[in-house]
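Geometric and topological summary
Listed below are the residues making up each chain.
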Amino acid sequence: MIDYNILATVIAVTALIGIAIIAIRAYRARVEYEEKLSKMEQHLKHELQRAGNERDNLLDALSDVFLIIDDAELISYANVAANRFFNTKKLSGRPIRETFLDTRLTEALNDCLRAGGPHQTQATFPIKSSSNDEDVSKTYQTWVIDSSPMISQEGLSPATRIVMRDITHAHQTEQIRKDFVANASHELRTPMAIISGYLENLLDDGMLEDTEMSRRFLGIMRKHSDRISRIVEEMLLISRLESSKESGLTLDDFSLRECINDILERLESMIRNQEADVQITIPKGDITIHGDRFYWAQVLFNLVENALKQNPRKGLKMEVGAEDTENHHRIWVKDDGVGIPSADLEHIFRRFYRVDKQHSQQEIKGTGLGLSIVKRAIEAHGGTINVSSVPGEETKFTIEVPK
Ligand code: ADP
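Residues numbered from 1 in each chain as written. Predicted model: local features only at pLDDT ≥ 70, side-chain atom pairs only at ≥ 80, totals over all residues. Heavy atoms only, no water.

What follows concerns the overall build of the chain. If you tally the helices and strands in the chain, you get 11 helices and 12 strands. Its C-alpha atoms give the chain a radius of gyration of 39 Å, clearly above 22 Å, the size a compact globule of 403 residues would have. Dimensions of the chain, computed from the C-alpha atoms along their principal axes, are close to 160 × 60 × 35 Å. With 403 residues in all, the chain has 37% of them scored as buried. Counting only carbon and sulfur atoms, one obtains 54% of the accessible surface of the chain, whose full area is about 24,700 Å². (Helix = DSSP H or I, 4+ residues; strand = E, 2+ residues; numbered from the N terminus. Rg over C-alpha atoms; globule rule 2.2 N^0.38 Å. Buried < 20%, exposed > 50% of the residue type's maximum accessible area, 1.4 Å probe, protein only. Areas by Shrake-Rupley, 256 points an atom, 1.4 Å probe, with all protein chains shown as cover.)

The following block contains the structure:
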């Protein structure tokens, strides 16, 4: 006979075991699911982090300043270049207004922020650095500031991205070009006006009959037309040196002694007339230079001619010397003449710069381009030129070029 009690117990126990198994399985499945979920979450976080780092690395690799400004005008992102530019470690979170000390920059940035759409503007402001030879303009920086609203994402308030690019170099080059054109036109206009004035005298004022006067006028006109030719020649030389750099040089070995002798021969009549005492100091056995002889001749001619030109008095003492150091050829031209005032020293290599001084006796002395050519030619050879001057004692131009 079936004991229903036992049967019921067996069924109940079996059912309980079944339920327990199902519960355990469900629990296991849940644990597995949660583990998977947590792994996925971690993976997602990692991926987000990686994407964020990648974005930061990319933006930090930019030399441009990159900023994101939120709708409350707080900086929400700044790359390394931005922190460097504003000289701070942490720009993020700061109000944009507080960050920029220079008002011109703030105004330009505000224009960008207010524009509402893409906007570009330029800001030029001074920096704390001293001027040097050619580039007086190095004392300021010019930045182009480009801003644009960012595509707004759902749930995020609108933001503005700002990119700032340093265009100081291009701006300076453009400025130098403009100055050069302005100076060149000015320098050419003066002799042209003089020639035209004398022509008017000769033709319109009937002075042609006076042969002596005509001769004198024509002589003056020739002097000024020679000057125009010289300015044009020298401008072409500078332009050639600037556009071609080293690739434009015809390099060869040549004897420095021979080159100096050629120059002194060309200036022979000037040296004789001024009774100048020119000494050549070169080590026995000469120095061989690997360079463009044409430009070297021009360099030495300009330096020696300058010394003679600036010191028309008799008995000037000059030295053209050279020596070899371990890695360089050092060449110098020195004289004991009137010299160059210390305030002018840093400017004399600039185009068209001439020292305004009383001892300039001749009406026309030079173009102001000679030393500019010298500097560019030496730089094209990878060298440097320096000048020191104690007026009345020693004025010395020293060139150093790698061997
Ligand atoms: P320039 O054609 O007028 O000679 P440079 O560029 O050769 O132009 O020289 C610039 C200026 O530097 C000259 O006007 C002159 O005042 C000064 N200078 C150059 N060399 C000497 C020197 N040896 N002694 C005195 N002044 C010099």
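Below, the discussion takes up the sheet that holds strand β12 (residues 394–402). Taken together, the 5 strands give an open sheet; going across it, the order is β7-β9-β10-β12-β11, and neighbouring strands pair in mixed fashion. Unpaired on one side and paired on the other, β7 (277–281) and β11 (384–390) mark the two borders of the sheet. Going from strand to strand, the sheet's axes swing by 10 degrees on average, the running direction of each strand aside. Across 8 bridges, the pairing between strand β10 (residues 328–335) and β12 is antiparallel. The residue of β12 that forms the bridge with Asp335 is Thr395. Strands β7, β9 (317–324) and β10 of the sheet are contacted by helix α7 (residues 256–266), whose axis makes an angle of about 170 degrees with β7. (Pairing = 2+ DSSP bridges. Axes fitted to C-alpha atoms, helices over the stretch in contact; angles between N-to-C directions. Contact = heavy atoms within 4.5 Å.)

Our focus in this paragraph is the sheet that holds strand β3 (residues 119–126). Ordered by their spatial adjacency, 5 strands build an open sheet running β2-β1-β5-β4-β3, and the pairing between neighbours is antiparallel. At either end of the open sheet lies a strand with only one pairing partner, and these are β2 (75–78) and β3. Put simply, the sheet's adjacent strands are angled 25 degrees from each other on average, direction ignored. Bridge count for β3 against strand β4 (residues 140–149) is 8 bridges, and the pairing is antiparallel. Residue pairing in the sheet places Ala123 in a bridge with Trp143 of β4. Against the sheet, helix α5 (residues 168–204) contacts β3, β4 and β5 (160–166), and its axis sits at roughly 125 degrees relative to β4.

Here we take up helix α1 (residues 4–60). Every α-helix carries 3.6 residues per turn, so stepping three or four residues along brings you back to the same face. For α1, spanning 57 residues, the distance from its first C-alpha to its last is 82 Å, which sits close to the expected 84 Å at 1.5 Å a residue. You can read the cap of α1 off the contacts: a side-chain oxygen lies 2.9 Å from the backbone nitrogen of Asn5, and it is on Asp3. (Expected span 1.5 Å × (residues − 1). Polar contact = N/O pair within 3.5 Å; in protein donor to acceptor, adjacent residues only side chain to side chain.)

Further remarks concern the pattern of salt bridges. When charged atoms on two side chains of opposite charge get close, those side chains can pair. Taken as a whole and judged by the stated rule, the model has 20 salt bridges. Residues Glu305 and Arg230 are paired through a salt bridge, measuring 3.2 Å at the closest nitrogen-oxygen approach. In this pair, Glu305 sits in helix α9 (residues 293–310) while Arg230 sits in helix α6 (residues 211–244), placing the two residues 75 residues apart along the sequence. Residues Arg330 and Glu323 are paired through a salt bridge, measuring 2.5 Å at the closest nitrogen-oxygen approach. Taking relative accessible area as the criterion, Arg330 reaches 25% and is therefore assigned partly exposed. According to the relative accessible area criterion, Glu323 is partly exposed, its value standing at 31%. Among the charged side chains, a salt-bridge network with shared partners connects Arg230, Glu234, Glu305 and Lys309. (Salt bridge = Lys/Arg side-chain N within 4 Å of Asp/Glu carboxyl O.)

So, on to the packing of aromatic side chains. Inspection of every chain in the model, using the stated rule, returns 7 aromatic pairs. Here Phe180 and Phe352 contribute two aromatic rings whose centre-to-centre distance is 5.8 Å and whose plane-to-plane angle is 35 degrees, an arrangement assigned as tilted. Here Phe352 lies in the loop between α10 (342–345) and α11 (370–380) and Phe180 lies in helix α5, a separation of 172 residues in the sequence. On the basis of relative accessibility, which here comes to 18%, the residue Phe180 falls in the buried class. Between Phe294 and Tyr295, the ring centres sit 5.1 Å apart and the planes meet at 75 degrees, which makes this aromatic pair edge-to-face. Judged by its relative accessible area of 4%, Tyr295 falls in the buried class. Joined through ring pairs, the aromatic side chains of Phe85, Phe86 and Trp143 make up one cluster. Arg351 extends its terminal NZ or CZ atom over the ring of Phe180, reaching a point 4.5 Å from the ring centre. Here the basic side chain of Lys396 rests over the ring of Trp332, its NZ or CZ set 5.1 Å away from the ring centre. (Phe/Tyr/Trp six-rings, centres within 6.5 Å; stacked < 30°, edge-to-face > 60°. Lys NZ or Arg CZ within 6 Å of the ring centre and 35° of its normal.)

This is a description of form; function is not addressed.
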